[in-house]
Amino acid sequence: MKFFLDTADVDEIREGVAMGMVDGVTTNPTLVARTGRPFKEAIAEICKIVAGPVSAEAVSEDAEGMIAEARELAAIAPNVVIKIPMTIEGLKAVTACAELGIQTNVTLVFQPLQGLMAAKAGARFVSPFVGRLDDISIDGMEMVADLKTMLRNYGFETEVIVASIRHPIHINQAALIGADIATIPLKVLKALARHPLTDAGIERFLEDYQKIPKS
Ligand code: G3P
């Protein structure tokens with residue numbers, strides 16, 4: 001299973017890379033706005049830190065605008081992937097990008113058939129948002145399981161990025177379903193590595209180490 005970091009903060013990305021956990025990065029306008037940096041500058045720096053796919057989101061609402069943005073963003077670095085919202089105009093843009101050889105990640109997917117359509121249009125990635133569905137009492141992970149089954153049934157190569165992850169259980173469930181990728185906030189990535197019994201075990205070993213005669 002691949003782990004992407006869901007952030008535009010380069011310090012967070014460097015820390016994740018140092019942990020050996022970053023196969024790629026996803027950003028969105030909200031995450032880039034939080035950095036206070038110009039959009040293209042932030043994406044360019046992330047692409048220098050991470051060799052894997054880096055998603056940068058198009059913000060036009062019409063296909064023509066999205067395609068123009070896709071051309072511009074794809075020129076930043078070879079590992080840029082264009083995040084396109086799951087709309088009818090978005091599907092047109094994904095289709096055109098596939099013809100142009102520009103990789104896309106269809107975002108804001110909330111039901112499996114949206115994901116199937118993204119795959120049919122030629123998206124390299126599709127991003128179902130689990131946390132935002134859970135927030136309105138709909139099981140986000142059920143959508144991921146159904147989407148994964150649909151893509152497997154027909155042999156699509158489109159990879160599923162489980163997005164809008166809020167806690168370690170989301171990643172546990174995504175891994176059991178066989179989702180290709182989880183895009184994870186750094187805070188949640190760190191939480192995955194922790195266990196209170198690990199901490200208690202270290203504390204005990206350190207205490208006992210002090211009891212060992214020095215010579
Ligand atoms: O990858 C999409 C993600 O950034 C959305 O997360 O927490 O805003 O639903 P959230």
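For the structure itself, look to the data block above.
Because the structure is predicted, anything quoted here is derived from the model rather than measured.

Conventions we followed
- Residues numbered from 1 in each chain as written.
- Predicted model: local features only at pLDDT ≥ 70, side-chain atom pairs only at ≥ 80, totals over all residues.
- Heavy atoms only, no water.
- Helix = DSSP H or I, 4+ residues; strand = E, 2+ residues; numbered from the N terminus.
- Expected span 1.5 Å × (residues − 1).
- Contact = heavy atoms within 4.5 Å.
- Buried < 20%, exposed > 50% of the residue type's maximum accessible area, 1.4 Å probe, protein only.
- Pairing = 2+ DSSP bridges.
- Near = heavy atom within 4 Å.
- Polar contact = N/O pair within 3.5 Å; in protein donor to acceptor, adjacent residues only side chain to side chain.
- Areas by Shrake-Rupley, 256 points an atom, 1.4 Å probe, with all protein chains shown as cover.
- Phe/Tyr/Trp six-rings, centres within 6.5 Å; stacked < 30°, edge-to-face > 60°.
- Right-handed = clockwise from strand over helix to strand, strands pointing away.
- Salt bridge = Lys/Arg side-chain N within 4 Å of Asp/Glu carboxyl O.
- Axes fitted to C-alpha atoms, helices over the stretch in contact; angles between N-to-C directions.
- Left-handed = near helix turned anticlockwise from the far one by under 90°.
- Nonpolar A, V, L, I, M, F, W, Y, C, P; charged D, E, K, R; others polar.

K.L.:
Can you walk me through helix 5 (residues 88-100) in this structure?
P.N.:
Residues spaced three or four apart along an α-helix point in a common direction, a consequence of the helix completing one turn every 3.6 residues. Between its first and last C-alpha, helix 5 extends 19 Å over 13 residues, near the 18 Å set by a 1.5 Å rise per residue. The inward-facing, buried residues of helix 5 contact helix 4 (63-74), strand 4 (80-85), strand 5 (104-109) and helix 6 (112-121). Downstream of helix 5 by one or two residues, Gly101 has phi in the positive range, about 80°.

K.L.:
When you look at the pairing of strand 7 (residues 159-162) in this model, what are you seeing that I'm missing?
P.N.:
Each regular strand shows side chains that alternate between the opposite faces of the sheet. Every second residue of strand 7 is oriented toward a common face, with Glu159 and Ile161 on one face and Val160 and Val162 on the other, all of them buried. Here strand 6 (residues 125-128) runs beside strand 7; their pairing, made up of two bridges, is parallel. Note on strand 7: the bridge partner recorded for Val126 is Val160. One ladder, built from two bridges, connects strand 7 with strand 8 (residues 181-184); its direction is parallel. Looking at the pairing, Val162 lines up with Ala182 of strand 8.

K.L.:
It is not clear to me how the site of the ligand should be interpreted in this structure. Could you clarify?
P.N.:
Surrounding the ligand, one finds Asp6, Asn28, Phe129, Arg132, Ala163, Ser164, Arg166 and Thr183. Take Arg166: an N or O atom from its side chain is 2.7 Å from an oxygen atom of the ligand. Look at the ligand: alone it shows 310 Å² of surface, and the protein chains cover 82% of it.

K.L.:
Is there a simple way to think about the packing of aromatic side chains in this case?
P.N.:
Aromatic rings in a pair are described by how distant their centres are and how their planes are angled relative to each other. One pass over the full model with this rule turns up two aromatic pairs. Relative to Phe125, the ring of Phe4 lies with its centre 6.0 Å away and its plane at 75°, an arrangement referred to as edge-to-face. Taken together, the positions of Phe4 in strand 1 (residues 2-6) and Phe125 in strand 6 put the pair 121 residues apart, joining distant regions of the chain. A relative accessible area of 1% places Phe125 in the buried class.

K.L.:
Mind showing me how you'd approach the pairing of strand 3 (residues 54-57) here?
P.N.:
Where burial is concerned, the two faces of strand 3 agree: the one with Val54 and Ala56 and the one with Ser55 and Glu57 are both buried. In terms of strand pairing, strand 2 (residues 24-26) meets strand 3 through two bridges, oriented parallel. Among the inter-strand pairings, Val25 is bridged to a residue of strand 3, identified as Val54. Handedness of the strand 3-helix 4-strand 4 crossover: right-handed.

K.L.:
Hey, could you run me through the pattern of salt bridges in this one?
P.N.:
Side chains carrying opposite charge are able to pair once their charged atoms draw close together. Scanning the model with the defined rule gives 14 salt bridges in all. With a shortest N-O distance of 3.0 Å, Glu15 and Lys190 are connected by a salt bridge. Pair noted here: Glu15 is in helix 1 (residues 10-18) and Lys190 is in helix 10 (residues 186-193), with a separation of 175 residues, a long-range link. Residue Lys190 is classed as partly exposed on the basis of its relative accessible area, which comes to 25%. For the salt bridge of Asp180 with Lys148, the shortest nitrogen-to-oxygen distance reads 2.9 Å. Of this pair, Asp180 sits in the loop between helix 9 (168-177) and strand 8 while Lys148 sits in helix 8 (residues 140-153), and the two are 32 residues apart along the sequence. Among the charged side chains, a salt-bridge network with shared partners connects Asp11, Arg14, Arg37, Glu41 and Glu45.

K.L.:
Help me understand the packing of helix 6 against helix 8 in this model?
P.N.:
Two quantities define a packed helix pair, namely the angle between the axes and the distance from one axis to the other. In the contact formed by helix 6 and helix 8, the axes pass within 8 Å of each other and the chain directions differ by 35°. You can see that helix 6 and helix 8 cross each other, and the crossing is right-handed. Residue-level contacts link Pro112, Leu113, Gly115, Leu116 and Ala119 of helix 6 to Met143, Asp146, Leu147, Met150 and Leu151 of helix 8. Residues that form the contact of helix 6 with helix 8 fall into these classes: eight nonpolar, one polar and one charged.

Remember that the coordinates give geometry; whether it matters functionally is a separate question.
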